[in-house]
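Residues per chain are reported as follows:
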Amino acid sequence: DELKERGSYVFENLVSLLEHSEFNPFTFPRDRWFTRKVRWHFHDWDLQIFLGEGTPKEPAKGLALQIGLPWGSPAAGAPCYKILPKPIELNAEILELSALLDLKDRPLPARVLTRVQERIASRSSWFHSLIRDAYSNASFFDPAEAKAIPPLNAMRGNHTGWLNAYGEWILRQTYPLFEQFAPGHGPLPKEAYRQLMKFASEHDLGAEEAPEYVKLIREAYLVPMGLMQRRGSDYYVNQKLDTHDLVRLLVPLLDHHPTPERVYQHLSAPVYGLTPDQIHPLLITLLIQGEIDIVKGDHSYRETYEVMISPLQYDKILPGRALNLNQLRDLQTLCDGFRVQVPRQWSVLAQKRVLEQLRRIGAKQRDQLGDFAAGLRAQGEAEDLAEQVE
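Let me begin by describing the structure that accompanies this report. All figures in this text were calculated on a predicted structure; none of them were measured in a lab.

Things to note about the sheet that holds strand E4 (residues 81-84)
Then comes step 1: Read from one edge of the open sheet, six strands run E1-E2-E3-E4-E5-E6, paired in mixed fashion. Of all strands in the sheet, those bounded by a partner on one side alone are strand E1 (33-40) and strand E6 (147-148).
Then comes step 2: Two elements, E4 and strand E5 (residues 139-141), share three bridges in a ladder whose sense is antiparallel. Bridged to Leu84 within E5 is Ser139.

Below you can see the structure in the form of C-alpha cells.
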C-alpha cells in the first residue's frame, strides 16, 4: 500500500537485484552523457551514451545513443539514436518484490527476515528475465526519429556485448563506405611512418625486401584502401590513382591549399569516416607518387619527415609537381644511355633518386673530361717550349 503511489521508485528499488545479472545495463552511469569506446575494425571509436528517461539536459554531440528505461517517460534526446525498451507494467508481483526489498532493511524477527530474503532470492531471476526481455524487444530510432531495425543477435551475451553491437550498427550507418577501405591492423606508432618514408626515399615502395613496419603498412592499410595491389609477393602502387575514390575526394580541396587539419576533417567525415591511421599513409603515398606536397614554411615533408613525421604538424597541402610524361620519357632515355636502372614506378622520390644518380655520373665524367683536356693543354705547352728551345 505504501508503494502504490510512488511511481518509478518501485522499479528503481529493484535495480539492486541486477547486481549479479549477466545483462545489467544499469551498471552504466545514469542521467548524464559519457563517452564509451567501441572497437570496430581494430580501431576505437567514441560513442556518447546516456542512460535515462525523458530529455537529457545537455544535447547530444557527435555520435550519440540514449538508452531509455523500461519505466518512466520514454527516451526523448536529440539528435541521437534511441533505444526504447518495452515497458514493464507495474503489477502486483512488482509491488510485492519491491516491498520485500524495503522490508528486509526494517527491524524484523529473524524468522520473518529469513522468509523475506528467501522470497527475494526466489524472485530475483524472474526480474532479471523481465529486464532482458524489455531490452530484447526494444524499439530503435535514428536521429531523424525514423524507426530502425535493431542489430541482429545483439542480446547474445552480456550488456557490454549488447552495447557494442548497437555501437557497430551506428558506425555502419554513419560511415557506410568505411568498410570498403577498412584496415587490417590497429593504430601504428610514428616509427612505422618514418620507416615508410625513409624506405620510399631509397627504394621502390613495392620492393620485396622491406622493413617489417613497411610490410605491415602495405598489407594492412595500402592494399585494403586500394592504393597498392598485391600480386603474389610483389606490391605495385595503383597506376590509376587519379580515378581512386579517396583521391577524387581529396583533389577538389587542393586548389585551396588546405591545412592538414582541414583535410583530416574532410576525410574522417561521413560517408567514409577514415581514421587518422588511414589518412597518414594515404597522404604519404600521394606525396611519394607526386600527387601532392605537404609543406611547412618553405620545406617539404620529404625534407623534414625525420623531425616532424605527422602531416598534421605541417602548414598546408599543395598539388604535386612531378615530371610530366614527356620529361619522364627523356629521363628514361638518359637512364638507358648511362645504364642506370629504371625504377618500376616513377614516383617523385624515384625521380629524385634517379636524377641524383645521373648527376653523380655526369659530375664524374665531367671531371674525367676535365683531366683529359688539362693533359692536352699541358702537352701543347710542352711542344711550344720545345720549339722555342730549338
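On we go.
Here's the deal with the sheet that holds strand E9 (residues 292-296)
Note on sheets: strands pair through backbone hydrogen bonds, and any given pair is parallel or antiparallel.
Then comes step 1: One open sheet accounts for three strands, arranged E10-E9-E11; its pairing is antiparallel. Across the chains shown, the open sheet's two edge strands, defined by having one partner strand only, are strand E10 (299-300) and strand E11 (316-319).
Then comes step 2: Bridge analysis of E9 against E11 gives four bridges, and the strand direction is antiparallel. The residue of E11 that forms the bridge with Ile292 is Pro319.

Some details on helix H8 (residues 260-268)
Then comes step 1: Those residues of H8 that sit buried are Pro260, Val263, Tyr264 and Leu267. Axial view of H8: buried residues confined to an arc of 100°, hence all on one face.
Then comes step 2: Along its buried surface, H8 packs onto helix H7 (245-254), helix H9 (276-289) and E11.

Brief notes about the side chain of Gln278
Then comes step 1: Note on placement: Gln278 falls in helix H9.
Then comes step 2: Judged by its relative accessible area of 0%, Gln278 is buried.
Then comes step 3: Apart from the residues lying within four places of it in its own chain, the contact partners of Gln278 are Phe178, Phe181, Ala182, Pro183, Tyr221, Met225 and Gly273.

Digging into the side chain of His280
Then comes step 1: Tracing the backbone through its elements, the reader meets His280 in helix H9.
Then comes step 2: A relative accessible area of 11% means that His280 is categorised as buried.
Then comes step 3: When sequence neighbours within four positions are dropped, the list of residues in contact with His280 reads Tyr193, Tyr264, Ser310 and Pro311.

Concerning the nonpolar core
Then comes step 1: In terms of nonpolar packing, the biggest core is built from 50 residues, with Leu65, Ile67, Tyr135 and Trp162 touching the most fellow members.
Then comes step 2: Elements supplying a minimum of two residues to this core: helix H1 (9-12), E1, strand E2 (43-51), strand E3 (64-67), E4, helix H2 (92-103), helix H3 (110-136) and helix H4 (159-174).
Then comes step 3: Discounting residues that sit within four places of it in the chain, Leu65 has contacts with Trp33, Gln48, Ile49, Phe50, Cys80, Tyr81, Lys82, Ile83, Phe140, Leu163, Tyr166 and Ile170.
Then comes step 4: Ranked by size, the runner-up nonpolar core spans 47 residues in total, among them Tyr235, Tyr272, Leu283 and Ile317.

Topic: the pattern of salt bridges
Then comes step 1: The full count for this structure, using the stated rule, is 21 salt bridges.
Then comes step 2: The partner of Lys37 in a salt bridge is Asp46, with the nearest N and O atoms 2.5 Å apart.
Then comes step 3: Judged by its relative accessible area of 42%, Asp46 is partly exposed.
Then comes step 4: A cluster of three or more residues bridged by salt bridges with shared partners is formed by Glu168, Arg172 and Glu179.

Analysis parameters
Residues numbered from 1 in each chain as written. Predicted model: local features only at pLDDT ≥ 70, side-chain atom pairs only at ≥ 80, totals over all residues. Heavy atoms only, no water. Pairing = 2+ DSSP bridges. Helix = DSSP H or I, 4+ residues; strand = E, 2+ residues; numbered from the N terminus. Buried < 20%, exposed > 50% of the residue type's maximum accessible area, 1.4 Å probe, protein only. Arc of directions from axis to C-beta. Contact = heavy atoms within 4.5 Å. Core = buried A, V, L, I, M, F, W, Y, C linked by side-chain atoms within 4.5 Å. Salt bridge = Lys/Arg side-chain N within 4 Å of Asp/Glu carboxyl O.

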